[in-house]
Amino acid sequence: AQTVTQSQPEMSVQEAETVTLSCTYDTSESNYYLFWYKQPPSRQMILVIRQEAYKQQNATENRFSVNFQKAAKSFSLKISDSQLGDTAMYFCAFMKLSTGTASKLTFGTGTRLQVTL
Amino acid sequence: DVKVTQSSRYLVKRTGEKVFLECVQDMDHENMFWYRQDPGLGLRLIYFSYDVKMKEKGDIPEGYSVSREKKERFSLILESASTNQTSMYLCASSHRTGWAYGYTFGSGTRLTVV
């Protein structure tokens, strides 16, 4: 079974600064996908960024980027130029590809990020 | 705008009641999922479905059942609600190739069992 670990329950960053959220995972699979989701106070889960394990290049989406270290099984999220709207719970998630059934997401326990003035 | 809609945002039920949580998606997705979210535990998969009438247990299925009679609707059933089922319940859906786009989530139902 896959496990996803987020070791930082809470973090705080000042507006316009950069923050990195950590995520490690454990799997014996070679082909999988990794995701970061954001859950603001509205409770709506929003996909932030995804990474294919077979791609060495780190994914980027505007101010969000990842540092994917496959050998170390590490998938950290960097938020640049933090904004007040980035305040949310952030979940790291792992997806193993399945055939004949749905591919399921396994989530970490989340990191609550507070962006301050 | 594509959506996953959960019928209730807040729900209060009594111990022993049979509880139905409804989820509807309008994206023609094959896969649908029910998670529960608890502080410090993240999201844990209860049940999922990959086609009409097809269902599989997730990691914590005890005390729950599901129904998927139509492609767009996936119901979570608490046969006899207990206080330890007080939680946030999130429904999600995905295309068959869920790895391409991830999941689309509903906005959750916060269930309190008293």
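Asker: How should the sheet that holds strand β3 (residues 19–25) of chain B be read in this particular structure?
Answerer: One key point about sheets: their strands pair by backbone hydrogen bonds, in either a parallel or an antiparallel sense. Residue and element names in this part refer to chain B. Spatially, the four strands line up as an open sheet ordered β1-β3-β8-β7, and their pairing is antiparallel. At either margin of the open sheet sits one strand with a lone partner, and together these are β1 (4–6) and β7 (64–70). The mean inter-strand angle of the sheet, taken between neighbouring strand axes irrespective of direction, is 20°. Across three bridges, β1 lies against β3 in antiparallel orientation. Note on β3: the bridge partner recorded for V4 is Q25.

Asker: Sorry if this is basic, but what is going on with the nonpolar core here?
Answerer: General note: in soluble globular proteins, nonpolar side chains tend to be found buried as a group. In this structure, A:Y25, A:W36, A:F75, A:L77 and A:Y90 are the most contacted members of the largest nonpolar core, which totals 25 residues. For this core, the elements supplying multiple residues, two or more each, are β3 (19–21), β5 (32–39), β6 (46–52), β8 (64–69), β9 (74–79), β10 (88–96) and β12 (111–116) of chain A. No other element matches β10(A), which puts four residues into this core. Aside from chain neighbours lying at most four places away, what touches A:Y25 is A:T3, A:V4, A:Y32, A:L34, A:F68, A:Q69, A:K70, A:K73, A:S74, A:F75 and A:F94. Formed by 22 residues, the second largest nonpolar core is a distinct cluster that contains A:M95, B:L45, B:Y50 and B:M88.

Asker: So what exactly am I meant to see when it comes to the interface of chain B and chain A here?
Answerer: By a widespread convention, an interface's size corresponds to the accessible area lost as its parts come together. On the side of chain A, 22 residues touch chain B, which itself brings 28 residues to the contact. Summing both sides of the interface, chain B and chain A together bury roughly 2000 Å²; the carbon and sulfur share of this comes to 55%. Joining chain B to chain A, the criterion identifies zero salt bridges. Inspection of the region where chain B meets chain A yields 11 residue pairs in polar contact (both at pLDDT 80 or more). Of all the secondary-structure elements, those providing two or more residues to the side of chain B that touches chain A are β4 (31–38), β5 (42–51), β9 (87–94), α1 (98–101) and β11 (109–113) of chain B. When residues of the side of chain B that touches chain A are assigned to their parent elements, the largest contribution, five residues, is made by β5(B). The class makeup of the residues in the side of chain B that touches chain A is 15 nonpolar, 10 polar and three charged.

Asker: For this particular structure, what's the right way to read the pattern of salt bridges?
Answerer: Where charged atoms of side chains with opposite charge meet at close range, the side chains can pair. Residues and elements named next belong to chain B. Applying the stated rule across the entire model yields nine salt bridges over all chains. In this structure, K18 engages E79 in a salt bridge whose closest nitrogen and oxygen atoms are separated by 3.7 Å. Of this pair, K18 sits in the loop between β2 (10–13) and β3 while E79 sits in the loop between β8 (73–78) and β9, and the two are 61 residues apart along the sequence. By relative accessible area, which is 42% here, E79 ends up partly exposed.

Asker: Help me out: how do you make sense of the environment of A:K78 in this one?
Answerer: Relative to the assigned elements, A:K78 resides in strand β9. Linking A:K78 and A:S65, residues 13 residues apart in sequence, is a C-alpha distance of 5.2 Å.

Asker: Teacher, can you tell me more about the state of the cysteines here?
Answerer: Each disulfide consists of a covalent bond between the sulfur atoms of two cysteine residues. This structure, assessed with the given rule, holds two disulfides over all chains. In this model, A:C23 is linked to A:C92 through a disulfide, with the two sulfur atoms separated by 2.0 Å. Taking the sign of the torsion about the S-S bond as the criterion, the disulfide between A:C23 and A:C92, at about -70°, is left-handed. Highlighted residues: A:C23 in the loop between β3 and β4 (24–26) and A:C92 in strand β10, separated in sequence by 69 residues. A single burial state applies to A:C23 and to A:C92, both of which are buried. Disulfide pairing places B:C23 opposite B:C91 at an S-S distance of 1.9 Å. Looking down the S-S bond of the B:C23 and B:C91 bridge, the torsion is -80°, so its handedness is left-handed. Here the residue B:C23 occupies a position in strand β3, and B:C91 occupies one in strand β9, the gap between them amounting to 68 residues.

Asker: Explanation requested: the packing of aromatic side chains in the structure shown.
Answerer: Any aromatic ring pair is given by two values, namely how distant the centres are and how the planes are angled relative to each other. Under the criterion given, the structure shown has 17 aromatic pairs over all chains. Centre to centre, the rings of A:W36 and A:F75 are 6.3 Å apart; their planes meet at 25°, and the pair counts as stacked. Residue A:W36 is found in strand β5, and its partner A:F75 is found in strand β9; the two are separated by 39 residues along the sequence. Of the two residues, A:W36 and A:F75, neither departs from the other in class, the shared state being buried. Between B:F33 and B:F48, the ring centres sit 6.1 Å apart and the planes meet at 25°, which makes this aromatic pair stacked. Residue B:F33 is found in strand β4, and its partner B:F48 is found in strand β5; the two are separated by 15 residues along the sequence. For B:F33, a relative accessible area of 0% corresponds to the buried category.

Scoring rules and cut-offs
Residues numbered from 1 in each chain as written. Chains lettered and ligands numbered in written order. Predicted model: local features only at pLDDT ≥ 70, side-chain atom pairs only at ≥ 80, totals over all residues. Heavy atoms only, no water. Pairing = 2+ DSSP bridges. Helix = DSSP H or I, 4+ residues; strand = E, 2+ residues; numbered from the N terminus. Axes fitted to C-alpha atoms, helices over the stretch in contact; angles between N-to-C directions. Core = buried A, V, L, I, M, F, W, Y, C linked by side-chain atoms within 4.5 Å. Buried < 20%, exposed > 50% of the residue type's maximum accessible area, 1.4 Å probe, protein only. Contact = heavy atoms within 4.5 Å. Buried area = accessible area lost by both parts, 1.4 Å probe. Salt bridge = Lys/Arg side-chain N within 4 Å of Asp/Glu carboxyl O. Polar contact = N/O pair within 3.5 Å; in protein donor to acceptor, adjacent residues only side chain to side chain. Nonpolar A, V, L, I, M, F, W, Y, C, P; charged D, E, K, R; others polar. Disulfide = S-S within 2.5 Å. Phe/Tyr/Trp six-rings, centres within 6.5 Å; stacked < 30°, edge-to-face > 60°.

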